[in-house]
Amino acid sequence: MGWFLVVIAALMETLGVVGLKRYSQRRNALNALLFFGGFGASFVLLYQSFRYLQLSVAYAVWIGLGTAAAVLVNMAFFGESRSTARVLSLGVIVAGVVGLKAVS
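Reading the values: rules and limits
- Residues numbered from 1 in each chain as written.
- Predicted model: local features only at pLDDT ≥ 70, side-chain atom pairs only at ≥ 80, totals over all residues.
- Heavy atoms only, no water.
- UniProt positions renumbered as here; feature names shortened; annotations may be inferred.
- Helix = DSSP H or I, 4+ residues; strand = E, 2+ residues; numbered from the N terminus.
- Axes fitted to C-alpha atoms, helices over the stretch in contact; angles between N-to-C directions.
- Parallel < 35°, antiparallel > 145°, perpendicular 65-115°, else oblique.
- Left-handed = near helix turned anticlockwise from the far one by under 90°.
- Contact = heavy atoms within 4.5 Å.
- Nonpolar A, V, L, I, M, F, W, Y, C, P; charged D, E, K, R; others polar.
- Salt bridge = Lys/Arg side-chain N within 4 Å of Asp/Glu carboxyl O.

Undergrad: Run through the UniProt feature "transmembrane region" (unreviewed entry) in the chain, naming residues and quoting values.
TA: In the numbering used here, UniProt assigns the feature "transmembrane region" (unreviewed entry) to residues 29-47, 59-78 and 84-103. Summarising residues 29-47: 100% helix, 0% strand, and an end-to-end C-alpha distance of 26 Å. In residues 84-103, the share of helix is 100% and the share of strand is 0%. The end C-alpha atoms are 29 Å apart.

This is the structure we're talking about:
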């Protein structure tokens with residue numbers, strides 16, 4: 001259950017990042033809801049995961065997954081660079097997250 005909460009929290013963080021990007025471009029209620037709702041839900045779900053997982057591991061996985069997902073979404077939908085170095089760096093983040101999960 002803890003890992004499920006962390007993954008959903010990371011997805012909500014990604015939604016918050018999309019809302020932040022859109023809200024910075026155009027301030028309206030929908031973009032504000034995506035921004036504040038995404039990050040708010042993310043923090044609540046992460047906090048709930050601490051009942052099942054160690055804080056240090058849950059937090060690190062949440063940050064890693066959220067960061068990787070946010071970069072991928074920004075590459076796909078907002079025209080950010082898709083350089084080889086960025087893609088390799090994402091691979092390192094994902095490898096670190098998988099490693100943390102494997103040893104916990």
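Once the structure has been displayed, the description carries forward.
Undergrad: Go over the packing of helix H2 (residues 29-49) against helix H3 (residues 55-77), please, and point to the residues and values.
TA: Axis separation between H2 and H3 bottoms out at 9 Å; the angle between their running directions is 150°. Judged by the angle between their axes, H2 and H3 are roughly antiparallel. Here the hand of the crossing between H2 and H3 comes out right-handed. When H2 is examined against H3, the residues Ser42, Phe43, Leu46 and Ser49 are found in contact with a partner set consisting of Ala58, Tyr59 and Trp62. Here the residues of the contact of H2 with H3 sort into five nonpolar, two polar and no charged.

Undergrad: Give me the pattern of salt bridges: which residues, what numbers.
TA: Applying the stated rule across the entire model yields one salt bridge. With a closest N to O distance of 3.1 Å, Arg86 and Glu80 form a salt bridge.

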